[in-house]
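The chain contents come next:
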Amino acid sequence: MAKDPGRVLIFDTTLRDGEQSPGASLNLEEKLAIAQQLARLGVDVIEAGFPFASQGDFAAVQRIAQQVGGGEGPIICGLARASRADIKACADAVAPASRRRIHTFIATSDIHLEHKLRKSRAEVLSVVPEMVAYARSFVDDVEFSCEDAARSDPEFLYQVIEAAIAAGAGTINIPDTVGYTTPSEFGALIAGIDSHVQNIDDAILSVHGHNDLGLAVANFLEAVKSGARQFECTINGIGERAGNAALEELVMALYVRRRYFNPFFGRDADSPTPLTAIRTEEITKTSRLVSNLTGMVVQPNKAIVGANAFAHESGIHQDGVLKNRLTYEIVDARTVGLTDNRLSLGKLSGRSAVRARLEELGYDLTREDLDEAFARFKDLADRKRDITDRDLEAIVSEQVQQPEAHFQLRLVQVSCGSSLRPTATVTLADEDGQDQTAAAVGTGPVDAVCRALNALVGEPNELIEFSVKSVTEGIDAMGEVTIRLRRDGQLFSGHSADTDVVVAAAQAFVNALNRLVAGCGRQPLHPQRDVALADLRPGI
Ligand code: KIV
Ligand code: ZN
C-alpha cells in the first residue's frame, strides 16, 4: 500500500476549487478569515489559491502563508499548472509558510490531450518529471495531479505517476475532474495504481472529485478502502459546476462509521483513534462562515450542515427520539458543533464579556475589529433582548465583508403597506465620504431599496438571487439576506444580517455592489480551462 499516514489527511480546497464556483469569489480579508477557521477545524492542508491567476490571488496565498502557515499550522499549498511561470509564482506565494506545498498538474486523458493541450502522451510524459523536479527545486513537498484521471487510460496513468514520484512528488492526486466515475470503478482505479506503480510506496495517494452525478463522497469512501489516504474536498461541497466532495460529509462518514472503515487502516474495528484530525465541533461554524462569505446558500436538506439535518419534524420521529435518540439519530448534533444556541449576552453585557464569548467561539479579533464588533453588538442589543452565539457569529462574519467598502450605507427608510406604493429613501457615502440620497418606488420594499441604490451607484446589474433566512428562532430574530447580482455574465454576491430584513437587504445589496465595483468577481485566469502559452511550451 502507498505511503500510509495511518489516517486520512484532509486537504481543503475551498479557497481554490471552491472559489472557482460562479459568483463565489472572495476578497483577501474573507479568504484569510476562512483560512483561519480551516486551521481551527484542523485540516492538514489548505489549498489557498492559484497564485499565477492574478496579483490578488498571489497576495491572498502569500498572506495566508504568512498568517496561517506558521509553526504547527496546516501545510499551505498553491496550485500551479505544469509550467515554469506558474510553479515559480506558486513557490514565491507559499514561501512564508513554515510547511509549504506546490501542487502541480497536467491532464492525462486522451480527450484533454487532444482537445485542450494538443499534446501527445509522450510529450506529457516528458513534461511531468521536468516540472515536478522544477517544483522540488523550491520546496520539499510537491503534489502532482493527473487531471481527468478517472477518464484516463490506466496504463498511461501508471507511467505518468511513476515518473512523477521518481522526480520527487510526495503526493499523487487522482482527480475525477468531471464527476464521471462510480464508486466501484474509482475504487478499482486506486487499487490498480496501488498495485501497478512500482514506486507507489514513496507517495501518499490522494483523491479529488466533482459531484456532477452526486457520487463524489461515495467515490472517495470507496477509494479509501483501496489505499487513498488524502481527501481533497471543500466546505459545503462548493466548487466547479455541481461542486466538490463535501468535507463535512466525508469526515462524518469516517467518524460515524469508523467500525466499518477501521479494518481498512489495519486497525481493530473497535479502535477509538479518529480516522481524521478534524475537530468535528468546528464543522457547523466553518460551514456558516463559508456560506456567508461566498453567498452560496446551503440547501436545508444538505447532509450534516443543512438547517434540517438535525431537525426531527415529524411526530413519529420526535416520539422515537424522545424515547431514545438512537432510533432516528446517527449523529449527535453537538458532535458537529450545533449547540443549543445558547443565550450568551444581553443589553447590559460589557466589552470584555463580548470579547470573552467571541474568544470562546474561536474569534480572536484585533482591538479595532473588537471595537467595531462591540458597537454592532450594542446596536443589536438595543433591538433584540437576548444575543445568542449565532447572532455574534453573524455580526463578525458581516464585518469581514466590509473592510474596503467603496460605498457605505448611511440610511434606509421605507414606507409600504396594503394601500401604499412601496417607496424607499437611501443615503450612501462614497469613497470620499460624500453622502448622496435617492428615493425610488418599487413592487415591494426591497425592490424599492434596490432601485434607489442603483440610481445612486449607476452601475448596471441584474438582481438574480434574493434569499432571506432567520438566524435564530423568535420574533425578534435577525434575518440573513443573501443577494447575487450579475453583470456581463459574472456574479457578485453580498450577505448581511439585521433584525430588520429590509435593512439587511439594503446592506447585502451594497456589499454586492462594492464587490462589483472592486471587480472582485472578475474572471481571473482559470487553472484548468485557460491553457496559456506556458502550457504548450513549458520551458518559458
Ligand atoms: O478537478 C480537477 O481535476 C482539479 C485539479 C486541478 C486537481 O481541480
Ligand atoms: Zn477540481
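Residues numbered from 1 in each chain as written. Chains lettered and ligands numbered in written order. Predicted model: local features only at pLDDT ≥ 70, side-chain atom pairs only at ≥ 80, totals over all residues. Heavy atoms only, no water.

Focus: the site of ligand 1
Our working rule: We call a residue near a molecule or strand as soon as one heavy atom of that residue lies within 4 Å of the molecule or strand. Between N or O atoms, a polar contact is any pair within 3.5 Å; within protein, one atom must be a potential hydrogen donor and the other a potential acceptor, and residues adjacent in sequence are included only when both atoms are from side chains. Working definition of accessibility: Shrake-Rupley area with a 1.4 Å probe, residue cover restricted to the visible protein chains.
Taken together, the neighbourhood of ligand 1 is formed by Arg16, Asp17, His103, Phe105, Ser145, Glu147, Asn173, Pro175, Thr177, His208, His210 and Gln528. Within the side chain of Asp17, one N or O atom sits 3.0 Å away from an oxygen atom of ligand 1. Here His208 contributes a side-chain N or O atom positioned 3.1 Å from an oxygen atom of ligand 1. Out of a free accessible area of 260 Å², ligand 1 has 100% covered by protein chains.

What about the nonpolar core?
We count it as follows: In these notes, a set of buried Ala, Val, Leu, Ile, Met, Phe, Trp, Tyr and Cys residues joined through side-chain atoms within 4.5 Å is what counts as a nonpolar core. For every residue, the accessible area (1.4 Å probe, protein chains only) is compared with the maximum for its type, and the residue is labelled buried under 20%, exposed over 50%, or partly exposed between those bounds. It only takes one pair of heavy atoms within 4.5 Å for two residues to be counted as in contact.
Core analysis: the biggest nonpolar cluster contains 97 residues, and Phe144, Ile161, Ile172, Ile174, Ile193 and Phe231 have the highest contact counts within it. Among residues more than four places away in sequence, those in contact with Ile174 are Ala149, Ile161, Phe186, Leu189, Ile190, Ile193, Leu205, Ser206, Val207 and His208. Of all hydrophobic cores here, the second largest spans 29 residues; its members include Val446, Cys450, Ala504 and Phe509.

Quick notes on the domain arrangement of the chain
Put simply, the rule reads: These domain boundaries are the output of an automatic or database domain assignment. Values labelled buried area give the accessible surface lost by two parts on being combined, using a 1.4 Å probe and summing over both. Salt bridges are counted wherever a side-chain nitrogen of Lys or Arg sits within 4 Å of a carboxyl oxygen of Asp or Glu. A run of DSSP states H or I qualifies as a helix once it reaches four residues; a run of E qualifies as a strand once it reaches two. Both are numbered from the N-terminal end.
We note that the domain assignment places domain 1 (9-294), domain 2 (351-400) and domain 3 (408-519) within the chain. For domain 1 and domain 2, the distance between their C-alpha centroids amounts to 34 Å. Listed by partner, the interface residues are 10 residues for domain 1 and 7 residues for domain 2. Looking at the side of domain 1 facing domain 2, the largest losses of area belong to Arg40, Lys285 and Arg288, adding up to 58% of the total buried there. Here domain 1 and domain 2 share 1 salt bridge between them. Between Arg288 and Glu393 there is a salt bridge; the shortest N-O distance is 3.6 Å. Joining domain 1 to domain 2, the criterion identifies 0 residue pairs in polar contact (both at pLDDT 80 or more). Residue assignment for the side of domain 1 that touches domain 2 shows that the elements contributing at least two residues are helix H1 (28-41) and helix H11 (283-294). Take the side of domain 1 that touches domain 2: its biggest share by element is 5 residues, from H11.

Let's talk about the sheet that holds strand S6 (residues 171-176)
The test is simple: Criterion used throughout: strands pair if DSSP finds at least two bridges between them. The axes are straight lines fitted to the C-alpha atoms, using for helices just the contacting stretch, and the angles between their N-to-C directions are given from 0 to 180°.
Here 8 strands make up a closed barrel; going around it, the order is S1-S2-S3-S4-S5-S6-S7-S8 and the pairing parallel. In this sheet, adjacent strand axes meet at a mean angle of 25 degrees when their direction is disregarded. Relative to S6, strand S5 (residues 141-147) is paired through 3 bridges, and the arrangement is parallel. Its bridge partner lying in S6, Phe144 is registered against Ile172.

Here we look at the pairing of strand S12 (residues 423-429)
The buried fraction of S12 amounts to 5 of the 7 residues, a majority that puts the element mostly inside the structure. In terms of strand pairing, strand S11 (residues 408-415) meets S12 through 7 bridges, oriented antiparallel. Within S12, the residue paired with Leu409 across the bridge is Leu428. Note that S12 and strand S13 (residues 435-441) share 7 bridges and pair antiparallel. If you follow Thr423 over to S13, its bridge partner there is Val441. Following S12, the chain reverses through 5 residues before pairing antiparallel with S13; Gly433 in that reversal takes a positive phi of roughly 80 degrees.

Quick look at the side chain of Thr482
Topologically, Thr482 is positioned in strand S15 (residues 479-487). For Thr482, a relative accessible area of 6% corresponds to the buried category. In terms of polar contacts, Thr482 uses its side chain to reach the side chain of His495, at 3.2 Å. Once residues within four sequence positions are removed from consideration, Thr482 is found in contact with Gly295, Val297, Glu465, Phe466, Ser467, Gly494 and His495.

With respect to the coordination of the zinc ion (ligand 2)
Defined as follows: Donor atoms (N, O, S) are those found within 2.8 Å of the metal centre, with the cutoff raised to 3.2 Å for Na, K and Ca; water is not part of the atom list, so apparent gaps in a site can occur.
Distances from the zinc ion (ligand 2) to its protein donors, Asp17 (OD), His208 (NE2) and His210 (NE2), fall at 2.0 to 2.1 Å. Along the chain, the residues donating to the zinc ion (ligand 2) are arranged with the sequence spacing D-x190-H-x1-H. Placement of Asp17 in the loop between strand S1 (9-12) and H1 and of His208 in strand S7 (residues 204-209) is noted, with a sequence separation of 191 residues between them. Accessibility classification places Asp17 together with His208 in one group, the buried group.

Notes on the packing of aromatic side chains
For clarity, the cut-off: Any two of the Phe, Tyr and Trp rings considered here, Trp counted by its six-membered ring, make a pair once their centres fall within 6.5 Å; the pair's planes then place it as stacked at under 30 degrees, edge-to-face at over 60, or tilted in between. Whether a charge sits over a ring comes down to the Lys NZ or Arg CZ being within 6 Å of the ring centre and within 35 degrees of the ring normal.
Per the counting criterion, the structure on display carries 5 aromatic pairs. Relative to Phe231, the ring of Phe220 lies with its centre 5.3 Å away and its plane at 45 degrees, an arrangement referred to as tilted. Taken together, the residues Phe220 in helix H8 (residues 216-223) and Phe231 in strand S8 (residues 230-233) connect sequence positions 11 residues apart. Looking at Phe231, the relative accessible area reads 0%, which means it is buried. Taken together, the ring pairs connect Tyr260, Phe261 and Phe264 into an aromatic cluster. We note Arg84 situated over the ring of Tyr134; from NZ or CZ to the ring centre the distance is 4.5 Å.

Looking at the pattern of salt bridges
With the rule as written, the count across this model stands at 42 salt bridges. Ionic pairing is found between Arg385 and Asp386, a salt bridge with its closest N-O pair at 3.5 Å. Take Arg385: its relative accessible area is 64%, and that puts it in the exposed class. Given the relative accessible area of 24%, Asp386 is considered partly exposed.

What about empty space enclosed by the protein?
Convention followed: In this analysis a 1.4 Å probe is tested at points of a 1 Å grid over the protein atoms alone, and where it fits but cannot get out there is a cavity; an open set with protein on both sides within 12 Å along at least five of seven lines is a pocket; lining residues have an atom within 4 Å of a point. Grid points are joined across faces, edges and corners, and a volume is the space filled by probe spheres set on the points. All residues other than Ala, Val, Leu, Ile, Met, Phe, Trp, Tyr, Cys, Pro, Asp, Glu, Lys and Arg, Gly among them, are scored as polar; the first ten of these are nonpolar and the last four charged.
On inspection of all chains with the given rule, the structure shows 3 cavities of 30 Å³ or more. In this structure, the largest cavity encloses a volume near 110 Å³. Surrounding the largest cavity, 13 residues form its lining, Arg16, Glu147, Pro175, His208 and Gln528 being those nearest its centre. The set of elements that each furnish at least two residues to the lining of the largest cavity consists of strand S4 (100-107), S5 and S6. Per-class residue counts for the lining of the largest cavity are 3 nonpolar, 7 polar and 3 charged.

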